[in-house]
Amino acid sequence: MPDIFVNYRTGDEESTATMIARELSRRFGGERIFFASNSIEPGHRFPVELVRAVEECEALLAVIGPRWAEVRGADGHPALEAAQDWTRREIQTALDRGVLVIPVLVGKATRIDRAVLPDDLRELADCQYRRFDHRNAESDLTALGDALARLLPELGVVDRDARAARERTEAKSHKESAQDVGHTRMRTRDVEQRVRGGIGNLNGDLAGTFVNEPQGPVNTGRGHQYNAPHLQGDNTGVQFTAGDNSGTVHQRFEHERRRSDDGR
């Protein structure tokens, strides 16, 4: 069962209708788009196939160009006036069924004038339309497909463009995640190299005592002693101890206070 029926009038924008049907078939699958010249198999009775398709579709696109209401039939009268005109019958059937009918105004075609429509098609003038301009063919086709995918959820499920966009987004996300992991690893290695270069050989959980440039005897107590780069500040050469230091730490400062009572 087709989801979209592409309706057009011979002698008025057949090439545009073909372009629309081709693009929608690419995006949603050919089996979901009914276009008479492509969808009716050789030997099949086109009146039966046309009626069946328009009675089963979920939406009808009425492709309307500047000459749509002017094209004349074999009798010399406007084809639109003939009750058996297939373009008219297809639209009328869709309107009677209450399915989505979207006029697609091509080029210089203006909003449909109710006065030129037969009584059974007057409702067509009330349907919100979309425009198609050959100068903006790509963007207009995309916009039309996006609208159909939004209005008909079953088309959204099979939308090849939406799936491709999701795959691109996921691939970009995976790439960024991989880059983040790589940057984290590089930062970790950099920190490790800085630690090893500034402190020395650190092992395990760094248990022991951290001493900054000892200037005198240090009793660190239990654990290992680690020597680190010089700490800057007013107390140059201060010894910083860390870990489980249960012994006594003797610190030496560059600037010693002189005590006046003992003369030192």
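A quick note: this is a predicted structure, and the numbers were derived from the prediction, not measured.

The next thing to look at is the packing of helix α3 (residues 46–56) against helix α4 (residues 86–97). Two elements in contact, α3 and α4, have axes separated by 9 Å at closest approach and are oriented at 30°. The angle between the axes of α3 and α4 places the two elements in the roughly parallel class. α3 and α4 meet at a crossing whose hand is right-handed. The segment α3 lies against α4, with Phe46, Pro47, Leu50, Val51, Val54, Glu55 and Glu56 engaging Trp86, Arg89, Glu90, Thr93, Ala94 and Arg97. Counted by class, the contact of α3 with α4 contains 7 nonpolar, 1 polar and 5 charged residues.

Moving on, we get to helix α5 (residues 137–151). Taking 1.5 Å of rise per residue, 15 residues should cover 21 Å, and α5 covers 21 Å from first to last C-alpha, within 8% of that figure. For α5, the full list of buried residues reads Ala137, Asp140, Leu141, Leu144, Gly145, Ala147, Leu148 and Ala149. Looking at the buried positions of α5, the neighbouring elements they touch are β1 (4–7), α1 (14–28), β3 (59–64), β4 (100–106), β5 (130–132) and α6 (153–158).

Let us now look at the packing of α1 against α5. Running from amino to carboxyl end, α1 crosses α5 at an angle of 55°, the nearest separation of the two axes being 10 Å. The pairing of α1 with α5 is recorded here as oblique in orientation. Every pair of crossing elements has a handedness; the one defined by α1 and α5 is right-handed. Contact residues: α1 offers Met19, Ile20, Glu23, Leu24, Arg27 and Phe28, while α5 offers Ala137, Leu141, Thr142, Leu144, Gly145, Asp146, Leu148 and Ala149. In terms of residue class, the contact of α1 with α5 is made up of 9 nonpolar, 2 polar and 3 charged.

The rules behind each value
Each chain has its residues counted from 1, running along the sequence as written. Only residues with pLDDT of at least 70 are given local features in this predicted model, and only at 80 or more are side-chain atom pairs given and counted; all residues enter the totals for whole chains, interfaces and linings. Excluded from the side-chain calculations are hydrogens and water; all other atoms, namely the structure's heavy atoms, are used. A fitted line through C-alpha atoms represents every axis, and for helices the fit uses only the stretch in contact; the resulting angles, taken between N-to-C directions, go from 0 to 180 degrees. Elements are defined by DSSP. Helices are runs of H or I of four residues or more, strands are runs of E of two residues or more, and each kind is numbered from the N terminus. Here the angle decides the label: under 35 degrees means roughly parallel, over 145 means roughly antiparallel, 65 to 115 means roughly perpendicular, and every other value means oblique. Left-handed describes a crossing whose near helix is turned anticlockwise from the far helix through less than a right angle; right-handed describes the clockwise counterpart. What makes two residues a contact is simply this: any of their non-hydrogen atoms within 4.5 Å. Throughout, the ten residues Ala, Val, Leu, Ile, Met, Phe, Trp, Tyr, Cys and Pro are labelled nonpolar, Asp, Glu, Lys and Arg are labelled charged, and all others, Gly among them, are labelled polar. Between the first and last residue of a helix there are one fewer steps than residues, each counted as 1.5 Å, and that sum is the expected span. The buried label goes to any residue with under 20% of its type's maximum accessible area, the exposed label to any with over 50%, and the partly exposed label to all in between, with areas taken from a 1.4 Å probe on protein chains only.

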